[in-house]
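Chains, contacts and geometry: an overview
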Amino acid sequence: GAVVSQHPSWVICKSGTSVKIECRSLDFQATTMFWYRQFPKQSLMLMATSNEGSKATYEQGVEKDKFLINHASLTLSTLTVTSAHPEDSSFYICSARPWTSGGAYEQYFGPGTRLTVT
Amino acid sequence: QKEVEQDPGPLSVPEGAIVSLNCTYSNSAFQYFMWYRQYSRKGPELLMYTYSSGNKEDGRFTAQVDKSSKYISLFIRDSQPSDSATYLCAMSPGTASKLTFGTGTRLQVTL
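This report concerns the structure included in the present document.

Once that is clear, we can look at the packing of aromatic side chains. This structure, assessed with the given rule, holds 11 aromatic pairs over all chains. Centroid distance A:Phe67 to A:Tyr92: 6.4 Å. Interplanar angle 40 degrees. Geometry classified as tilted. A residue pair is termed long-range when its members are at least 10 positions apart, and A:Phe67 in strand E7 (residues 67-73) and A:Tyr92 in strand E9 (residues 90-98) qualify at 25 residues. Here A:Phe67 matches A:Tyr92 in class, with each residue buried. Summarising the aromatic geometry, the rings of A:Phe109 and B:Phe101 are spaced 6.0 Å apart at their centres and angled 80 degrees between planes, so their arrangement reads as edge-to-face. In this pair, A:Phe109 is assigned in strand E10 (residues 108-109) and B:Phe101 in strand E10 (residues 100-101), connecting two distinct chains. Each of the two residues, A:Phe109 as well as B:Phe101, counts as buried. Put simply, the rings of A:Phe34, A:Tyr36, A:Phe109, B:Tyr36 and B:Phe101 pair up and form one aromatic cluster. A cation over an aromatic ring shows up here: B:Lys56 above the ring of B:Tyr49, its NZ or CZ 3.6 Å from the ring centre.

In structure tokens form, the structure reads like this:
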């Protein structure tokens with residue numbers, strides 16, 4: 001149980017284009033989903049927290065107009081990187097917290113999406 | 001100063017060794033402490049979690065939290081090559097709060 005999927009697993013796009021990444025909780029409903037970014041040999045940096053049906057809360061320094069997050073249902077959240085540039089190349093990971101969650105530890109991670117912007 | 005400090009390694013040990021992984025933190029509000037394992041190009045997988053101070057054991061893994069020293073540890077007994085991964089500590093002040101991660105320690109267990 002508690003499986004989170006991400007699609008695509010790897011995407012290459014040209015500078016200036018937009019890319020959408022999907023995050024799905026496959027066997028549970030998630031009221032809260034998180035989006036992280038991870039650079040090589042660095043830790044996960046939280047970008048934003050999204051709750052189903054409401055606007056995402058972005059961390060300081062994250063451009064909300066560049067990283068659009070939509071949490072349209074209890075099992076799906078999307079991250080759209082708009083007008084991508086090479087510096088946006090990174091590993092993007094989502095996680096989901098079940099609505100029945102009893103603790104901070106209960107956050108299940110997706111396998112990640114590697115974005116390369118050329 | 002980062003809120004959570006973790007030695008990035010790499011840490012190389014022979015198979016069967018006891019591994020000690022550690023994190024220090026500065027935020028005294030942290031109450032929940034987690035350890036995640038992350039294989040290359042994969043998402044993190046929860047290994048263990050602890051609430052407040054104390055020890056917790058699960059198979060070959062033992063997690064320790066010393067809140068007075070703001071220091072947490074993960075011990076792996078009888079390490080296996082399959083334990084080779086990056087180990088991330090994470091912390092949170094509350095049940096609905098966001099997680100703050102360490103940078104991760106890369107572990108390699110050699111035959």
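Residues and elements named next belong to chain B. Turning to its location among the elements, Ser-82 is positioned in the loop between strand E8 (71-76) and strand E9 (85-92). Overall, Ser-82 belongs to the partly exposed group, its relative accessible area being 47%. Ser-82 sits 67 residues away from Glu-15 along the chain, and the two C-alpha atoms are 9.8 Å apart.

This next bit is on the interface of chain A and chain B. Tallying the contact residues gives 19 residues for chain A and 21 residues for chain B. Of the roughly 1,600 Å² buried between chain A and chain B, counting both surfaces, carbon and sulfur atoms make up 59%. Counting every contact that joins chain A to chain B gives 1 salt bridge. Here B:Lys98 ties to A:Glu59 by a salt bridge, and the two come within 2.5 Å at their closest N and O atoms.

All names here are of chain B. Only one face of strand E3 (residues 19-25) is covered, namely the face carrying Val-19, Leu-21, Cys-23 and Tyr-25; the face carrying Ser-20, Asn-22 and Thr-24 is uncovered. Pairing of strand E1 (residues 4-5) with E3, which is carried by 2 bridges, proceeds in the antiparallel orientation. Paired with Glu-5 across the strands is Thr-24, a residue of E3. The pairing of E3 with E8 spans 6 bridges and is antiparallel. Bridge pairing in E8 links Val-19 to Ile-76.

What counts and how
Residue positions within a chain follow its written sequence, with the count starting from 1. All chains are assigned letters beginning at A, and all ligands numbers beginning at 1, according to the order in which they are written. Reporting of local features is limited, given that this is a predicted model, to residues whose pLDDT is at least 70; pairs of side-chain atoms are given and counted only at 80 or more, and all residues count toward the totals for whole chains, interfaces and linings. Hydrogens and water are ignored here; the side-chain numbers use all heavy atoms of the structure. Planes of paired rings set the category: under 30 degrees apart is stacked, over 60 is edge-to-face and the rest tilted, where pairs are Phe, Tyr or Trp rings (Trp by its six-membered ring) whose centres lie within 6.5 Å. Here a helix means four or more residues in a row that DSSP labels H or I, a strand means two or more in a row labelled E, and each is numbered from the N terminus. Here's how the labels work: a residue is buried when its accessible area is under 20% of the maximum for its type, exposed when over 50%, partly exposed in between, all with a 1.4 Å probe on protein chains only. Whether a charge lies above a ring is judged from NZ of Lys or CZ of Arg, which has to be within 6 Å of the ring centre and within 35 degrees of the ring normal. A contact between two residues is defined here by any heavy atoms of the two lying within 4.5 Å. Defined here as a combined quantity, buried area equals the accessible surface (1.4 Å probe) lost by two parts on assembly, summed across both. The salt bridge criterion pairs a side-chain nitrogen of Lys or Arg with a carboxyl oxygen of Asp or Glu, the two atoms within 4 Å. Pairs of strands are assigned from DSSP output, requiring at least two bridges between the strands.

Function-wise, these values are silent; they only describe arrangement.
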